[in-house]
Amino acid sequence: MQTALTIGTEYPDRLMIGTGTEDNPWIIGDSDHEQNLQNLLDALVTPSAYIKLTKDISAAQSVTYREGISHAITIAAAKLYADEKVKVSGLIINTDYCIQISGSITHTVENIQFMSLIHKGRYPAIYGLSNTLYPTIFSNCDFSGIKRSGGDIRFSMYAVRFSHCSINWDTTAAVGDSSGTVFDTSLKYEYCSICYKGPVHGYGYQTTPLLKNGDHVGIVGEISTSVSGTYLFDGCRYCYFAGMVDCSIMNTTIGCGLYSSNPQCLMCITETTGSYTLTKNTNITDVTPDQLRDRDYLYSIGFLP
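Caption draft 1: Expanded view of the layout of surface pockets. The calculated volume of the largest pocket comes to roughly 210 Å³. Surrounding the largest pocket, 15 residues form its lining, Tyr 238, Tyr 240, Leu 298, Phe 303 and Leu 304 being those nearest its centre. In terms of residue count, strand S17 (residues 214–224) provides more of the lining of the largest pocket than any other element does, 3 residues in total. Its residues assigned to classes, the lining of the largest pocket comprises 9 nonpolar, 3 polar and 3 charged.

Caption draft 2: The arrangement of the packing of aromatic side chains in detail. Inspection of every chain in the model, using the stated rule, returns 17 aromatic pairs. Seen in terms of ring centroids, Phe 138 and Phe 162 are 5.3 Å apart; in terms of plane orientation they differ by 10°. Their pairing is stacked. Within this pair, whereas Phe 138 is found in strand S10 (residues 136–139), its partner Phe 162 is found in strand S13 (residues 160–163), the two being separated by 24 residues in sequence. Taking the relative accessible area as the measure of exposure, Phe 138 reaches 0% and is therefore buried. Centre to centre, the rings of Phe 155 and Trp 169 are 5.3 Å apart; their planes meet at 70°, and the pair counts as edge-to-face. Of this pair, Phe 155 sits in the loop between strand S11 (142–147) and strand S12 (156–157) while Trp 169 is found in strand S14 (residues 166–170), placing the two residues 14 residues apart along the sequence. With respect to class, Phe 155 is no different from Trp 169; both count as buried. The residue whose ring lies beneath Arg 14 is Tyr 11, and the NZ or CZ to ring-centre distance is 5.8 Å. Sitting over the ring of Tyr 81, Lys 79 keeps its end group 4.9 Å from the ring centre.

Caption draft 3: Here's a closer look at helix H1 (residues 33–44). The end-to-end C-alpha distance of H1 is 16 Å, a good match for the 16 Å that 12 residues give at a rise of 1.5 Å each. Taken as a whole, H1 has its buried residues at Asn 36, Leu 37, Asn 39, Leu 40, Leu 41, Asp 42, Ala 43 and Leu 44.

Caption draft 4: Highlighting the pattern of salt bridges. Scanning the entire structure with this criterion turns up 8 salt bridges. In this structure, Arg 14 engages Asp 42 in a salt bridge whose closest nitrogen and oxygen atoms are separated by 3.0 Å. Pair noted here: Arg 14 is in the segment before strand S1 (26–28) and Asp 42 is in helix H1, with a separation of 28 residues, a long-range link. Each member of the pair Arg 14 and Asp 42 is classed as buried. A salt bridge links Glu 190 to Arg 161; the nearest nitrogen and oxygen atoms lie 3.5 Å apart. Here the residue Glu 190 occupies a position in strand S15 (residues 189–199), and Arg 161 occupies one in strand S13, the gap between them amounting to 29 residues. Judged by relative accessible area, Glu 190 falls into the buried class, the value being 18%.

Caption draft 5: Structural view of the nonpolar core. The biggest cluster of nonpolar side chains holds 73 residues, and the ones touching the most others in it are Phe 162, Phe 183 and Phe 233. Tyr 238, Leu 266, Leu 298 and Phe 303 belong to the second-largest nonpolar core, a separate cluster that totals 8 residues.

Caption draft 6: Main features of the sheet that holds strand S4 (residues 73–75). Pairing in this open sheet of 4 strands is parallel, and the strands run S4-S7-S9-S12 from one edge to the other. On the outer flanks of this sheet lie S4 and S12, each paired with one strand and no other. Across 3 bridges, S4 lies against strand S7 (residues 99–101) in parallel orientation. When the sheet's bridge partners are listed, Thr 74 is paired in S7 with Gln 100.

Caption draft 7: Broad picture of the pairing of strand S5 (residues 79–89). Note that strand S2 (residues 50–53) and S5 share 3 bridges and pair parallel. When the sheet's bridge partners are listed, Ile 51 is paired in S5 with Leu 80. Bridge count for strand S3 (residues 57–58) against S5 is 2 bridges, and the pairing is parallel. Within S5, the residue paired with Ile 57 across the bridge is Val 88. Judged from the 7 bridges that link them, S5 and strand S8 (residues 107–119) form a sheet pairing that is parallel. Across the sheet, residue Ser 89 finds its bridge partner in S8, namely Met 115.

About the thresholds
Residues numbered from 1 in each chain as written. Predicted model: local features only at pLDDT ≥ 70, side-chain atom pairs only at ≥ 80, totals over all residues. Heavy atoms only, no water. 1 Å grid on protein atoms, 1.4 Å probe; cavity = no way out; pocket = protein on both sides within 12 Å on 5 of 7 lines; lining within 4 Å. Points joined across faces, edges and corners; volume = space filled by probe spheres on them. Helix = DSSP H or I, 4+ residues; strand = E, 2+ residues; numbered from the N terminus. Nonpolar A, V, L, I, M, F, W, Y, C, P; charged D, E, K, R; others polar. Phe/Tyr/Trp six-rings, centres within 6.5 Å; stacked < 30°, edge-to-face > 60°. Buried < 20%, exposed > 50% of the residue type's maximum accessible area, 1.4 Å probe, protein only. Lys NZ or Arg CZ within 6 Å of the ring centre and 35° of its normal. Expected span 1.5 Å × (residues − 1). Salt bridge = Lys/Arg side-chain N within 4 Å of Asp/Glu carboxyl O. Core = buried A, V, L, I, M, F, W, Y, C linked by side-chain atoms within 4.5 Å. Pairing = 2+ DSSP bridges.

Below is the structure:
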């Protein structure tokens, strides 16, 4: 169970130095994975705290947490960071969200790799605040994981910004078809690379896009659809999708969202499967794999500014 620490306090008994302030952050970097993970979870739930990681943390090396945790990773802290990338790996989340944001402040996470996550909850993996005045900013972070339960397959929603991040997310093992935009934010995905395997269809048969509010984002992967119109992008620019589309349920038309401008967005369909027909919408530029790799061609069509 997460227990908030007290900012301004040193915890030498926890193998942790610092006082949790901006000038003297809590430093988590002992060789004990069990203690490091407990310190991290407790420090993150502490409002306005500053936390610095200096060593990788593996849940698989923890007796208490190797079978999973029954609560989300709650981030109430002001900042979690590392000087160079540090990995937090192997967490099994047995509840609604993987990461849930708390507290009316700006939250920053920088140079952290959340790897090999297993999400067994019903709701989005990363759940930000609804008020865009209090954004959560993930900068130069990496994520990899799989969704294994039914319900909402969204990776993110609300006021979360991803900048220079890489994401590898797989929802093919999830049961059920409830979803919104898979990579959803009221702020922005910018300069990110995404690998995704799973459906793009929406709530029941209500169509929602794969990515919303993207700027210079590349997505590769394998998607499936159960609606007549599959939308890749909504409110995006300089984004592309490259990969396979499964049409095993019905005929579908693939392209951009109908109600927003998506300048300089590309799609490269490398393969289609299933017995139904895939039609390419003219509201997005269709390119071949060779064209997508050709910088001169991408400059010529204005995709590389």
